[in-house]
Amino acid sequence: MVIKPEWLRVKAPQWQRVGSVKELLRDLNLNTVCEEASCPNIGECFHEGTATFLMMGSACTRACPYCDIDFAKKPLPLDATEPQRLAEAVVRLRLNHVVITAVNRDDLPDGGASHFVATIEAVRARSPQTTIEVLIPDLCGNWQALDQILAASPDVLNHNTETVPRLYRRVRPQGNYQRSLELLQRVRDRAPWIYSKSGIMVGLGETPEEVAAVMADLRQVGCDILTIGQYLQPSPKHLPVQAFIPPVQFEAWRQLGESMGFLQVVSSPLTRSSYHAEQVRTLMQQYPRQRPATNNLEESYCN
């Protein structure tokens, strides 16, 4: 049995508040990454009344060996009512900031891009003051599908790099490091008013130098926000932890990232890509960007 170091132990959640959020999610038949991916911060986030919504079902078309989300070659069809149900949850939880992600749906021609768009529009219609962050898959390199999401103008677009290139074949076998970088580059080139974000998990056998190289690559493609957190093995069937990285190394990466020019670096053992994501609202005030009234993405997509 692997014993977690002291810095990875979390406080017991206040289950009354956790239960009320779970009850709301069950009432609206919604999934969260917090539950499906066994996030260690579920108690804290649910206690604060926040959650990262997981769309398009609870089963993924990819079987990444680090991830606790179920795998299915042929997941269920999309539910057209899901965007409205998710928007209702945003209203009921009175969210200032919402994170919306999805399982990989490689079975769909657009990878689920149209579902992201419908959800962004539904949330904006019901809760226009809520800032919206989408955490998207790589869409199998379907850049027209990406443009469709960008045209909907989420405030933040997150796509996780996950690990260093050397470990991709083992950790993220159906992913492609260069494709992920290209996705983030296209966000910067096509929709510079959107804040771009990416995340890395560590403790899988990478070196500090390799992490620094990924950070440099992300800055090269204009990534604004970076999260770095410790990988934790969800079950014995998943990839084992190779090392528990001490907090001092996370702090060193935070300082390095800030010196590289990231607008924000959240780096700690318990950091996850959507942990304390609402803090981006402060960042948006510090580094404001003007979204155009109309943009070429909308025009090109409509045409």
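Heads up: these notes are all about the structure in this document. (Residues numbered from 1 in each chain as written. Predicted model: local features only at pLDDT ≥ 70, side-chain atom pairs only at ≥ 80, totals over all residues. Heavy atoms only, no water.)

**A word on the nonpolar core**
So, step 1. In this structure, Phe53, Ile100, Phe116, Val134, Ile136 and Leu157 are the most contacted members of the largest nonpolar core, which totals 45 residues.
So, step 2. If sequence neighbours within four positions are ignored, Ile100 has contacts with Phe53, Met55, Leu86, Phe116, Thr119, Val123, Ile132, Glu133, Val134 and Leu135.
So, step 3. If you look at the next biggest cluster of nonpolar residues, it comprises 28 residues, including Tyr66, Val171, Val211 and Leu226. (Core = buried A, V, L, I, M, F, W, Y, C linked by side-chain atoms within 4.5 Å. Buried < 20%, exposed > 50% of the residue type's maximum accessible area, 1.4 Å probe, protein only. Contact = heavy atoms within 4.5 Å.)

**Quick look at the packing of helix α6 (residues 143-151) against helix α8 (residues 177-190)**
So, step 1. At their nearest, the axes of α6 and α8 sit 11 Å apart, and the two run at 45° to each other. Our classification of the angle between α6 and α8 gives oblique. Of the two elements, α6 crosses α8, and the hand of that crossing is right-handed. Note on element contacts: α8 touches α6 through Arg179, Glu182, Leu183, Arg186, Val187 and Arg190, opposite Trp143, Leu146, Asp147 and Leu150.
So, step 2. Taken together, the residues that form the contact of α6 with α8 break down as five nonpolar, no polar and five charged. (Axes fitted to C-alpha atoms, helices over the stretch in contact; angles between N-to-C directions. Helix = DSSP H or I, 4+ residues; strand = E, 2+ residues; numbered from the N terminus. Parallel < 35°, antiparallel > 145°, perpendicular 65-115°, else oblique. Left-handed = near helix turned anticlockwise from the far one by under 90°. Nonpolar A, V, L, I, M, F, W, Y, C, P; charged D, E, K, R; others polar.)

**Things to note about the environment of Phe250**
So, step 1. Relative to the assigned elements, Phe250 resides in helix α10 (residues 247-260).
So, step 2. Classification of Phe250 as buried rests on a relative accessible area of 1%.
So, step 3. Taking the C-alpha atoms as reference points, Phe250 and Thr271, 21 residues apart in sequence, are found 9.9 Å from one another.

**Remarks on the environment of Ser198**
So, step 1. With respect to the element layout, Ser198 can be found in strand β8 (residues 195-202).
So, step 2. Overall, Ser198 belongs to the buried group, its relative accessible area being 0%.
So, step 3. A sequence separation of 75 residues divides Ser198 from Ser273, and the C-alpha atoms of the two residues are 7.4 Å apart.
So, step 4. The residues contacting Ser198, other than those within four sequence positions of it, are Asn158, His159, Asn160, Thr161, Leu184, Leu218, Cys223, Ile225, Leu226 and Thr227.

**Details of the pairing of strand β6 (residues 131-135)**
So, step 1. Counting buried positions along β6 yields five of five residues, so the element is predominantly enclosed.
So, step 2. Neither face of β6 is left uncovered, since the one carrying Thr131, Glu133 and Leu135 and the one carrying Ile132 and Val134 both have all their residues buried.
So, step 3. In this structure, strand β5 (residues 97-102) lies alongside β6, joined through five bridges in parallel fashion. The residue of β6 that forms the bridge with His97 is Thr131.
So, step 4. Note on the crossover from β5 through helix α5 (residues 113-126) to β6: the handedness is right-handed.
So, step 5. In this sheet, strand β7 (residues 156-158) lies alongside β6 in parallel orientation, the contact comprising three bridges. Residue pairing for β7: Glu133 is matched across the bridge by Val156.
So, step 6. Considered for its hand, the β-α-β crossover made up of β6, α6 and β7 is right-handed. (Pairing = 2+ DSSP bridges. Right-handed = clockwise from strand over helix to strand, strands pointing away.)

**What to know about helix α4 (residues 82-93)**
So, step 1. Between its first and last C-alpha atoms α4 spans 16 Å; for twelve residues at 1.5 Å apiece the expected length is 16 Å, and the two agree.
So, step 2. Of the residues making up α4, those classed as buried are Glu82, Pro83, Arg85, Leu86, Ala87, Ala89, Val90 and Leu93.
So, step 3. Residue Arg94 follows α4 closely and has a positive phi angle near 55°. (Expected span 1.5 Å × (residues − 1).)

**Here's the deal with the packing of aromatic side chains**
So, step 1. For the structure on display, the rule yields two aromatic pairs.
So, step 2. Aromatic side chains Tyr168 and Tyr177 sit 5.7 Å apart centroid to centroid with 80° between the ring planes, which places their arrangement in the edge-to-face category. Neither residue differs from the other here; Tyr168 and Tyr177 are each classed as buried.
So, step 3. Aromatic side chains Phe250 and Trp253 sit 5.7 Å apart centroid to centroid with 85° between the ring planes, which places their arrangement in the edge-to-face category. In this pair, Phe250 and Trp253 are both assigned in helix α10, three residues apart and thus about one turn of the helix distant. As far as the burial class goes, Phe250 and Trp253 line up, both buried.
So, step 4. Over the face of the ring belonging to Phe262 we find Arg219, whose NZ or CZ atom lies 5.5 Å from the ring centre.
So, step 5. Looking at Arg289, its charged tip hangs above the ring of Tyr195, at a distance of 4.5 Å from the centre. (Phe/Tyr/Trp six-rings, centres within 6.5 Å; stacked < 30°, edge-to-face > 60°. Lys NZ or Arg CZ within 6 Å of the ring centre and 35° of its normal.)

**A short note on the packing of α8 against helix α9 (residues 208-220)**
So, step 1. One way to put it is that α8 packs onto α9 with a least axis distance of 9 Å and a crossing angle of 35°. Taking contact as the criterion, the partners of Tyr177, Leu181, Leu184 and Gln185 in α8 are, on α9, Val214, Asp217, Leu218 and Gln220.
So, step 2. Classifying every residue of the contact of α8 with α9 gives five nonpolar, two polar and one charged.

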